[in-house]
Amino acid sequence: MTFAPSRARSRRRIATCARTALVVVGCLAGSMRPATAGVDPAKRIDQYTRTVWEAGNRLPQNAAETMLQTRGGYVWLGTEEGLVRFDGERFEVFHRGNTPGLPGKDVRCLFEAPDGTLWIGLVGGLARLKDGHFTGYSLSNGLPHDWISAMTGDRAGNLWLGTFGGGLVRFKDGTSTAFTSYHGLPDNFVWAVR
């Protein structure tokens, strides 16, 4: 029997995680300041200010599915309404309407490769951001499943994708190989890869 979480339960989990994610974004944004603006151990936590960002601050919504701070210093958020880049002051939203290389809008996972490439796992496929250019991969150009729930990379340059119902996928240079319960996986719903 396969367990698939209900949409309502998933939304409650997302809403609960959103407040935590936005607080963490604030912490990460704070870490992007020069070292001279460090934390003073003599101060109590309530002596610091905090900033809360919400949909009114150019976020597409208040909930974040995933987030990642890349080596370039940007904080990236994955939301159901698109990919968001935060530079410490401003949010920039990327979605299918303004970014043709995205095969979907619901971002589920993010991964930065050793070469600085940002990989975006979406409901709808996979996208790569390299040198400022987005490239999308979906069922129409060889991806065996289009709901990416988790991802990581290995030393050989493979990208490993966990999917919602399509098993585990090894992806490299536009070519993919799927591993499913037919190949020995206990389930085709892969929620995490490491």
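Structure: above.
Quick caveat: nothing in here was measured; it's all calculated off a predicted structure.

Strand order in the open sheet formed by four strands is β1-β2-β3-β4, with antiparallel pairing between adjacent strands. With one partner strand each, in any of the chains shown, β1 (66-69) and β4 (91-94) form the two edges of the open sheet. Neighbour to neighbour, the strand axes of the sheet diverge by 20° on average, direction disregarded. Both β1 and strand β2 (residues 75-79) contribute to a ladder of four bridges, which runs antiparallel. By the bridge assignment, Leu68 is partnered in β2 with Trp76.

Next up on the list: the packing of aromatic side chains. Counted under the stated rule, the structure contains 13 aromatic pairs. Taking the centre distance of 4.8 Å and the plane angle of 80° together, the rings of Phe164 and Phe189 count as edge-to-face. Here Phe164, found in the loop between β10 (159-163) and β11 (168-172), pairs with Phe189, found in the segment after β12 (175-179); they are 25 residues apart in sequence, far enough to count as distant. Among the aromatic side chains, those forming a connected cluster through ring pairs are Tyr74, Trp76, Phe94 and Phe134. When the ring centre of Tyr48 is taken as reference, the NZ or CZ atom of Lys43 above it lies at 5.4 Å.

Turning our eyes to something else, we now look at the pairing of β10. Counting buried residues in β10 gives four out of five residues, a clear majority hidden from the surface. Pairing of strand β9 (residues 148-153) with β10 involves five bridges; the strand directions are antiparallel. Pairing of Ile148 across the sheet is with Thr163, part of β10. Between β9 and the antiparallel strand that follows it, β10, lie five residues; Gly157 among them carries a positive phi value of about 90°. As paired strands, β10 and β11 are joined by four bridges and run antiparallel to one another. Looking at the pairing, Trp160 lines up with Arg170 of β11. In textbook terms, the turn of a hairpin is the stretch between consecutive antiparallel strands, and for β10 and β11 this stretch comprises four residues, one of which, Gly165, has a positive phi near 105°.

Counting residues in hydrophobic clusters, the biggest one holds 13 residues, and the most contacted among them are Trp119, Leu126, Met151, Leu159, Leu161 and Phe171. Secondary structure elements with two or more residues in this core: β5 (106-112), β9, β10 and β11. Setting aside anything within four residues of it in sequence, one finds Leu126 in contact with Pro103, Trp119, Ile120, Gly121, Thr135, Gly136, Tyr137, Leu143, Met151, Leu159, Leu161 and Phe171. In this structure, Trp76, Phe94, Val107 and Leu122 belong to the second largest nonpolar core, which totals twelve residues.

With respect to the element layout, Leu185 can be found in the segment after β12. C-alpha of Leu185 to C-alpha of Gly167: the two residues are 18 residues apart in sequence and 7.4 Å apart in space. Residues within four places of Leu185 in sequence aside, it is in contact with Gly167, Leu168, Phe179, Thr180 and Val190.

Bringing the environment of Gly121 into the picture now. You can see Gly121 is positioned in strand β6 (residues 118-123). A sequence separation of twelve residues divides Gly121 from Cys109, and the C-alpha atoms of the two residues are 4.9 Å apart. In this structure Gly121 touches Asp106, Val107, Arg108, Cys109, Leu126, Ile148 and Met151, once residues within four positions along its chain are discounted.

It is worth spelling out unusual backbone geometry at this point. At Asp131, a position not held by glycine, the phi torsion is positive, near 55°. Looking at where Asp131 falls in the secondary structure, it is placed in the loop between β7 (125-130) and β8 (133-137).

Moving on, we come to the sheet that holds β5. Paired through backbone hydrogen bonds, the strands of a sheet run either parallel or antiparallel to each other. Read across the open sheet, the four strands follow the order β5-β6-β7-β8; overall the sheet is antiparallel. Whereas interior strands pair on both sides, the edge strands pair on one side only; in this sheet they are β5 and β8. Averaged over all adjacent pairs, the angle separating strand axes in this sheet is 20°, with direction ignored. With five bridges connecting them, β7 and β8 associate as antiparallel partners. Following the sheet pairing, Arg128 is matched in β8 by Thr135.

Definitions and cut-offs
- Residues numbered from 1 in each chain as written.
- Predicted model: local features only at pLDDT ≥ 70, side-chain atom pairs only at ≥ 80, totals over all residues.
- Heavy atoms only, no water.
- Pairing = 2+ DSSP bridges.
- Helix = DSSP H or I, 4+ residues; strand = E, 2+ residues; numbered from the N terminus.
- Axes fitted to C-alpha atoms, helices over the stretch in contact; angles between N-to-C directions.
- Phe/Tyr/Trp six-rings, centres within 6.5 Å; stacked < 30°, edge-to-face > 60°.
- Lys NZ or Arg CZ within 6 Å of the ring centre and 35° of its normal.
- Buried < 20%, exposed > 50% of the residue type's maximum accessible area, 1.4 Å probe, protein only.
- Core = buried A, V, L, I, M, F, W, Y, C linked by side-chain atoms within 4.5 Å.
- Contact = heavy atoms within 4.5 Å.

These figures capture arrangement, not role.
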